[in-house]
Amino acid sequence: MKKLKIWTLILHSFIFIIHKNTISVMLLTEYFTLDRWLSSSGFSDSFANLLLGASLLSLLGQLLILLSIKIEKVVTKHVIGILGLISLWFSFRYLAYPSVNNTDFHTWAFWSGVPFIIASILLYHEQYIILKDIFKTKKKSS
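The written sequence of each chain sets the order in which its residues are numbered from 1. Per-residue local features of the predicted model are confined to residues with pLDDT of at least 70, and side-chain atom pairs are confined, for both listing and counting, to 80 or more; whole-chain, interface and lining totals are unaffected and use all residues. Where side-chain values are given, they derive from all heavy atoms of the structure, hydrogens and water being excluded.

### Remarks on the nonpolar core
- In this description, a nonpolar core means a group of buried Ala, Val, Leu, Ile, Met, Phe, Trp, Tyr and Cys residues linked to one another through side-chain atoms lying within 4.5 Å. Exposure classes here rest on a 1.4 Å probe applied to the protein chains alone. A residue is buried below 20% of its type maximum, exposed above 50%, and partly exposed in between. The biggest cluster of nonpolar side chains holds 20 residues, and the ones touching the most others in it are Ile15, Ile17, Met26, Phe47 and Leu95.
- Numbering of helices and strands runs from the N terminus, with a helix taken as a DSSP run of H or I at least four residues long and a strand as a DSSP run of E at least two residues long. At the level of elements, α1 (2-13), α3 (46-70), α4 (74-96) and α5 (105-141) are the ones that each hand at least two residues to this core.

### Quick look at the side chain of serine 87
- Mapped onto the elements of the fold, serine 87 is located in helix α4.
- Residues adjacent in sequence count toward polar contacts only when both atoms are side-chain atoms; beyond that, a polar contact is any pair of N or O atoms within 3.5 Å, and within protein one must be able to donate a hydrogen and the other to accept it. Polar side-chain contacts of serine 87 include one of 3.3 Å to the backbone nitrogen of glycine 61.
- Those residues in contact with serine 87 that sit more than four places away from it in its chain are Leu57, Leu60 and Gly61. Should any heavy atoms of two residues lie within 4.5 Å, those residues are counted as being in contact.

### Some points on the side chain of histidine 106
- Note that histidine 106 resides in helix α5.
- Not counting the four nearest positions on each side in its chain, histidine 106 is found in contact with Leu95, Ala96, Tyr97 and Pro98.

### Points about the packing of aromatic side chains
- Pairing of aromatic rings covers Phe, Tyr and Trp, the last through its six-membered ring, and needs centres within 6.5 Å; plane angles under 30 degrees mean stacked, over 60 mean edge-to-face, and all others mean tilted. For the structure shown, the criterion picks out 5 aromatic pairs.
- Relative to phenylalanine 116, the ring of phenylalanine 92 lies with its centre 5.9 Å away and its plane at 55 degrees, an arrangement referred to as tilted. In this pair, phenylalanine 92 is assigned in helix α4 and phenylalanine 116 in helix α5, connecting sequence segments 24 residues apart. Across the pair, exposure class does not vary: phenylalanine 92 and phenylalanine 116 are buried alike.
- Here tyrosine 124 and tyrosine 128 contribute two aromatic rings whose centre-to-centre distance is 6.1 Å and whose plane-to-plane angle is 15 degrees, an arrangement assigned as stacked. Here tyrosine 124 and its partner tyrosine 128 are both found in helix α5, 4 residues apart, which amounts to about one turn of the helix.
- Since its relative accessible area comes to 31%, tyrosine 124 is described here as partly exposed.
- The class for tyrosine 128 is partly exposed, based on a relative accessible area of 41%.
- Aromatic ring contacts, followed pair by pair, group Phe92, Phe110, Trp111 and Phe116 into a single cluster.

### Focus: the packing of α1 against α4
- To obtain each axis, a line is fitted to C-alpha atoms, and for helices this fit is confined to the stretch in contact; angles are then taken between N-to-C directions over 0 to 180 degrees. For the pair α1 and α4, interaxial distance at closest approach is 12 Å and the crossing angle is 15 degrees. In terms of orientation, α1 lies roughly parallel with respect to α4. The handedness of the crossing between α1 and α4 comes out as left-handed. Each of Lys5, Thr8, Leu9 and His12 in α1 lies in contact with α4, whose residues at this interface are Lys77, Leu85, Leu88, Ser91 and Phe92.
- The residue classification treats Ala, Val, Leu, Ile, Met, Phe, Trp, Tyr, Cys and Pro as nonpolar and Asp, Glu, Lys and Arg as charged. All others, Gly included, are polar. The residue inventory of the contact of α1 with α4, partitioned by class, reads 4 nonpolar, 3 polar and 2 charged. Angle categories are assigned with fixed cut-offs, so that under 35 degrees is roughly parallel, over 145 is roughly antiparallel, 65 to 115 is roughly perpendicular, and the rest are oblique. Whether a crossing is left-handed or right-handed is set by the direction in which the near helix is turned from the far one by less than a right angle, anticlockwise for left-handed and clockwise for right-handed.

### Thoughts on α1
- What a helix should span is 1.5 Å times the count of its residues minus one. Between its first and last C-alpha atoms α1 spans 17 Å; for 12 residues at 1.5 Å apiece the expected length is 16 Å, and the two agree.
- Taken residue by residue, α1 has Leu4, Lys5, Thr8, Leu9, His12 and Ser13 as its buried positions.

### Here we look at the environment of isoleucine 65
- With respect to the helices and strands, the residue isoleucine 65 is situated in helix α3.
- Sequence-wise, isoleucine 65 and threonine 8 are 57 residues apart; in three dimensions their C-alpha atoms are separated by 9.4 Å.
- Leaving out residues up to four positions away in the same chain, isoleucine 65 has contacts with Lys5, Leu9, Gly81, Gly84, Leu85 and Leu88.

### Looking at the packing of α4 against α5
- Across the interface, α4 lies against α5 with an axial gap of 9 Å and an inter-helix angle of 160 degrees. Looking at the two axes, α4 sits roughly antiparallel to α5. Handedness of the α4/α5 crossing: left-handed.
- A class-by-class count of the residues in the contact of α4 with α5 yields 23 nonpolar, 6 polar and 1 charged.

Written out as structure tokens, the structure is:
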């Protein structure tokens, strides 16, 4: 499952963001968006605000999934992993849903994010099954 978590993070990092004359991947966008946000008072356009929201959720999700790799307690590990996936899914939603007028970057983000969605659904399923089995055995033993 550790490999699937890492692949999910990698695939999310390579979601394409194409806007005007700029082509980027989510990994670089996160870095530059957060750097700009921390060094200035804010953003002027709706596209930059959209990227900021997606970047913050993405960073939170990545940190939670990395934390779930390091945690030893099984239930906590999988709950934190699922929370990280949910955060990454919301980040992907910001990118793939057409919410900014006169742009088509969401189309590129959606199609380049399909491998991430497939990997994340597989990861969610594995974590859900493990949690379900743990709670089922706890219920039977009590």
